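# Coordinate inspection notes
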Amino acid sequence: MRSLAVWFTLVILGIGLLFTAVTIPFGSPAMSDMDDYFIAHGQEQTGANNIVTSIVFDFRGFDTIGEASVLFTAVFGVSVLFRVRKKEEDYEYE
Amino acid sequence: MIAIIHILVLIGIIITAAFIVWQKNLIAAAIAFAAFSFLLSIEFYILQAPDVAIAEAAVGAGVSTAIFLIAIWATHDQEAA
Amino acid sequence: MSDCMSKLVRTTADVMFLFITVFGFYIVLHGHLTPGGGFQGGAIVAGGFILLIVANRLEDFLKWFQKRSFQSCEVSGLVLFIGTALAAIPLGYIFFKNFLNGAGGLFGQAVPFGINSGILNTAGTIPIMNIAVGIEVLGGLSIIVLYMTSGIRSHEEGE
């Protein structure tokens, strides 16, 4: 009974995802005004040949500040979790 | 020609993903994950996103495999049955 | 790792480290001309350091590179990135303004629009931010694996 429910859910999910993937046209976004502006004026306004870098580091610089802060916070968390303990310091893992 | 390579890469992605799930030996699963990331980066390159391909190849196949291997080495290398 | 690998693996890792590092810094420095950028190049260089950590003994690696140098790499990269973004405000522009582009100085050469051969000395503050993010990602990803390895070591020795 339980495996039947699992297979039923899987089949319904698969049909739904396949239907969505087939009906949505690939490679033609609904609104492309911003993309066209970046492609047309990106090199002129930033001087960089690589449009992706000009978007990441100039037009959308706030996102890159957030990404750098996220990486810094991740390293901070790892350094707290895996810190080197002293011999006499007792600790419990359970 | 590029369509054949594209279909082969997609088949390889599905095979390696199934291998990762079915494999009980965790070290083999981690190495298969590296192969999966490499095939995924080739797929990104075929879809004309070389930035994402470089990031996937460096982080997915290089750094995360090392992190998985160190974590497996600190615990046990067999999945609990 | 506690027990070091065979001499073949160690020698191959030591030789490949140089080429991986050079390729990563190439990707960082040419981020505004070719695909890639700060994060991708920094991850590649960190992959070279991680190869050294995994192949060699931890004590040998800590003899060559110190933990403090990776920490200072990460912190200085973040400070350089935010400082470059903030440096536009005292000069009278808005935050994140690309004030070096076309100014004629550092990274300020005028770029011919359209298809060109790719001049390295262009794009204003974008290469500086690329280098800053590259240094930060280098230090961050390396210090994560270094902390994991050394923390596991101290835990096993403590028991």
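Structural notes, computed from the coordinates. Predicted, not measured: the structure shown is a model, and the values here were computed from it.

### Side note on the overall build of chain C
Counting its regular elements, chain C contains 5 helices and 0 strands. Since a compact globule built from 159 residues should have a radius of gyration of about 15 Å, the 19 Å found for chain C marks it as more spread out than a globular shape. For the C-alpha atoms alone, the extent of chain C along its principal axes is close to 60 × 35 × 20 Å. Here chain C holds 159 residues, and 48% of them are scored as buried. Partitioning the intrachain contacts of chain C with sequence separation of at least 6 by distance along the chain shows that 67% fall at a separation of at least 24. The averaged location of the 9 negative side-chain charges in chain C is 7 Å from the averaged location of its 8 positive side-chain charges.

### Looking at the environment of Leu47 of chain B
Relative to the helices and strands, Leu47 of chain B resides in the loop between helix H2 (26-46) and helix H3 (50-74). Put simply, Leu47 of chain B and Ala3 of chain B are 44 residues apart on the chain and 11 Å apart in space, counted from C-alpha to C-alpha.

### Brief notes about the interface of chain A and chain C
At the junction of the two partners, chain A supplies 29 residues and chain C supplies 44 residues. Considering only the side of chain A, the residues that lose the most area to chain C are Phe57, Leu71 and Phe82 of chain A, jointly responsible for 20% of the buried surface there. Our count for the chain A to chain C interface comes out at 0 salt bridges. Between chain A and chain C we count 5 residue pairs in polar contact (both at pLDDT 80 or more) in total. Listed by contribution, the elements that provide at least two residues to the side of chain A that touches chain C are helix H2 (33-46), helix H3 (51-59) and helix H4 (61-81) of chain A. Top contributing element to the side of chain A that touches chain C by residue count: H4 of chain A, with 11 residues. Looking at side-chain class alone, the side of chain A that touches chain C contains 13 nonpolar, 11 polar and 5 charged residues.

### Description of the packing of aromatic side chains
Under the criterion given, the structure shown has 16 aromatic pairs over all chains. Ring centres of Phe62 of chain A and Phe95 of chain C lie 5.5 Å apart, and the angle between their planes is 50°; this geometry places the pair in the tilted category. Pair noted here: Phe62 of chain A is in helix H4 and Phe95 of chain C is in the loop between helix H4 (67-86) and helix H5 (126-158), and the two residues belong to different chains. Assessed through its relative accessible area of 58%, Phe62 of chain A is described here as exposed. Pairing Phe49 of chain C with Phe65 of chain C gives two aromatic rings, centres 5.1 Å apart and planes at 85°, and the pair type is edge-to-face. Placement of Phe49 of chain C in helix H2 (residues 38-55) and of Phe65 of chain C in the loop between helix H3 (58-64) and H4 is noted, with a sequence separation of 16 residues between them. Classification of Phe65 of chain C as partly exposed rests on a relative accessible area of 25%. Three or more aromatic residues joined by ring pairs make a cluster, and in this case those are Phe57 and Phe62 of chain A together with Phe81, Phe95 and Phe96 of chain C.

### Side note on the nonpolar core
If you look at the biggest cluster of nonpolar residues, it comprises 43 residues, and the most contacted ones within it are Phe49, Phe61, Phe70, Phe81, Leu141 and Leu146 of chain C. Contributions of two or more residues to this core are made by H4 of chain A, H3 of chain B together with helix H1 (7-29), H2, H3, H4 and H5 of chain C. When residues in this core are grouped by element, the largest group, 14 residues, is from H5 of chain C. With residues up to four places along the chain from it excluded, the contact list for Leu146 of chain C reads Ile53, Leu58, Phe61, Leu62, Lys67 and Phe70 of chain C.

### Examining the pattern of salt bridges
Any two side chains of opposite charge can pair if their charged atoms end up close together. Residues and elements named next belong to chain C. Taken as a whole and assessed by the stated rule, the structure comprises 2 salt bridges over all chains. Notably, a salt bridge pairs Asp60 with Arg57, separated by 3.7 Å at the nearest N-O pair. Look at Asp60 and you get partly exposed, because its relative accessible area is 22%. Look at Arg57 and you get partly exposed, because its relative accessible area is 34%. A salt bridge links Lys63 to Asp60; the shortest N-O distance between them is 3.6 Å. Pair noted here: Lys63 and Asp60 are both in helix H3, with a separation of 3 residues, about one helical turn. Each of the salt bridges in this network shares a partner with another, and the network as a whole consists of Arg57, Asp60 and Lys63.

### Points about the packing of H2 of chain A against H3 of chain A
Residue and element names in this part refer to chain A. Where H2 meets H3, the axes come as close as 10 Å, and the angle between the chain directions of the two elements is 70°. Considering the angle they form, H2 stands roughly perpendicular to H3. Crossing hand, H2 versus H3: left-handed. Touching Phe38, Gly42, Gln43, Gln45 and Thr46 of H2 are Ile51, Ser54, Ile55, Asp58 and Phe59, all from H3.

### Details of the environment of Gly47 of chain C
All names here are of chain C. Tracing the backbone through its elements, the reader meets Gly47 in helix H2. Judged by its relative accessible area of 23%, Gly47 is partly exposed. Each C-alpha atom of the pair Gly47 and Thr21 lies 8.8 Å from the other, and the pair is 26 residues apart in sequence.

Cut-offs used in this document
Residues numbered from 1 in each chain as written. Chains lettered and ligands numbered in written order. Predicted model: local features only at pLDDT ≥ 70, side-chain atom pairs only at ≥ 80, totals over all residues. Heavy atoms only, no water. Helix = DSSP H or I, 4+ residues; strand = E, 2+ residues; numbered from the N terminus. Rg over C-alpha atoms; globule rule 2.2 N^0.38 Å. Buried < 20%, exposed > 50% of the residue type's maximum accessible area, 1.4 Å probe, protein only. Contact = heavy atoms within 4.5 Å. Lys, Arg positive; Asp, Glu negative; His and termini not counted. Charge placed at Lys NZ, Arg CZ, Asp CG, Glu CD. Buried area = accessible area lost by both parts, 1.4 Å probe. Salt bridge = Lys/Arg side-chain N within 4 Å of Asp/Glu carboxyl O. Polar contact = N/O pair within 3.5 Å; in protein donor to acceptor, adjacent residues only side chain to side chain. Nonpolar A, V, L, I, M, F, W, Y, C, P; charged D, E, K, R; others polar. Phe/Tyr/Trp six-rings, centres within 6.5 Å; stacked < 30°, edge-to-face > 60°. Core = buried A, V, L, I, M, F, W, Y, C linked by side-chain atoms within 4.5 Å. Axes fitted to C-alpha atoms, helices over the stretch in contact; angles between N-to-C directions. Parallel < 35°, antiparallel > 145°, perpendicular 65-115°, else oblique. Left-handed = near helix turned anticlockwise from the far one by under 90°.

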